[in-house]
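Summary of structural features
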Amino acid sequence: MLSGSCLCGAVRWKAKNKPLGNSACHCGQCRKQSGHYWASLTIATDDFDCEGEVRWYEASPVARRGFCPTCGSYLFWLGHGDADIGVSLGSVDGPTGQRLERHVFTAFKGDYYDIADGVRQEEGEDE
């Protein structure tokens, strides 16, 4: 089981089972929201529990992003109608036991860094 929280601890989450995967997103929205790229776990929504107030920002017609209204930590990405939720890898309490599996939307990555870790890269079609 993995668990995590925001910076101030007001929002806490748990996943009972192993995540479905993980990735790093390099799209412009994730870069603006996180300050760089966003690394996340993919967790089935029926396996996911959350406590505390989460505010949601409707980032696009495709998805919304959840954050703590107290400390501002960006915690969740939820596609409309999805059966899974993206959860910030950085919010995991303690060791994650995870390794990045893929980089997505690499065609939109910032020009100030290179991706050189040997992990699979997917350019993406549209931000």
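Residues numbered from 1 in each chain as written. Predicted model: local features only at pLDDT ≥ 70, side-chain atom pairs only at ≥ 80, totals over all residues. Heavy atoms only, no water.

1. Remarks on the packing of aromatic side chains
The full count for this structure, using the stated rule, is 7 aromatic pairs. Here Trp-13 and Phe-48 contribute two aromatic rings whose centre-to-centre distance is 6.4 Å and whose plane-to-plane angle is 25°, an arrangement assigned as stacked. Residue Trp-13 is found in strand S2 (residues 12-15), and its partner Phe-48 is found in strand S5 (residues 48-51); the two are separated by 35 residues along the sequence. Residue classification places Phe-48 among the buried positions, given a relative accessible area of 15%. Cluster of aromatic residues (ring-pair linked, three or more members): Trp-13, Phe-48, Trp-56 and Phe-76. Arg-64 extends its terminal NZ or CZ atom over the ring of Trp-56, reaching a point 4.2 Å from the ring centre. The cationic tip of Lys-109 hangs over the ring face of Tyr-113; the distance from NZ or CZ to the ring centre is 4.6 Å. (Phe/Tyr/Trp six-rings, centres within 6.5 Å; stacked < 30°, edge-to-face > 60°. Helix = DSSP H or I, 4+ residues; strand = E, 2+ residues; numbered from the N terminus. Buried < 20%, exposed > 50% of the residue type's maximum accessible area, 1.4 Å probe, protein only. Lys NZ or Arg CZ within 6 Å of the ring centre and 35° of its normal.)

2. Quick look at the side chain of Asp-47
Among the structural elements, Asp-47 can be located in the loop between strand S4 (38-44) and S5. For the buried Asp-47, no salt bridge is present, and the opposite-charge side chain at shortest range is Lys-16, 4.6 Å distant. A polar contact of 3.0 Å, which involves the side chain of Asp-47, links it to the backbone nitrogen of Asn-17. Beyond its immediate sequence surroundings of up to four residues, Asp-47 is in contact with Lys-14, Ala-15, Lys-16 and Asn-17. (Lys, Arg positive; Asp, Glu negative; His and termini not counted. Salt bridge = Lys/Arg side-chain N within 4 Å of Asp/Glu carboxyl O. Polar contact = N/O pair within 3.5 Å; in protein donor to acceptor, adjacent residues only side chain to side chain. Contact = heavy atoms within 4.5 Å.)

3. Details of the sheet that holds S5
Strand pairing in a sheet relies on backbone hydrogen bonds, with the paired strands running either antiparallel or parallel. As summarised here, the arrangement of the 3 strands in space is S1-S2-S5, forming an open sheet in which the pairing is antiparallel. On the outer flanks of this sheet lie strand S1 (2-5) and S5, each paired with one strand and no other. For this sheet, the mean angle separating the axes of adjacent strands, direction not counted, is 15°. Note: S1 against S2, 4 bridges, orientation antiparallel. Across the sheet, Leu-2 pairs through a bridge with Ala-15, a residue of S2. (Pairing = 2+ DSSP bridges. Axes fitted to C-alpha atoms, helices over the stretch in contact; angles between N-to-C directions.)

4. Here's the deal with the pairing of strand S9 (residues 84-88)
For a regular strand, side-chain orientation follows a simple rule: the groups alternate between the two sheet faces. The buried fraction of S9 amounts to 4 of the 5 residues, a majority that puts the element mostly inside the structure. When S4 meets S9, the two strands line up antiparallel, connected through 5 bridges. From the neighbouring strand, Ala-44 faces S9, where its bridge partner is Asp-84. Note that strand S8 (residues 74-79) and S9 share 2 bridges and pair antiparallel. The partner of Phe-76 across the bridge, within S9, is Val-87. Taking the residues between adjacent antiparallel strands as the criterion, S8 and S9 are bridged by 4 residues, where Gly-81 takes a positive phi near 80°.

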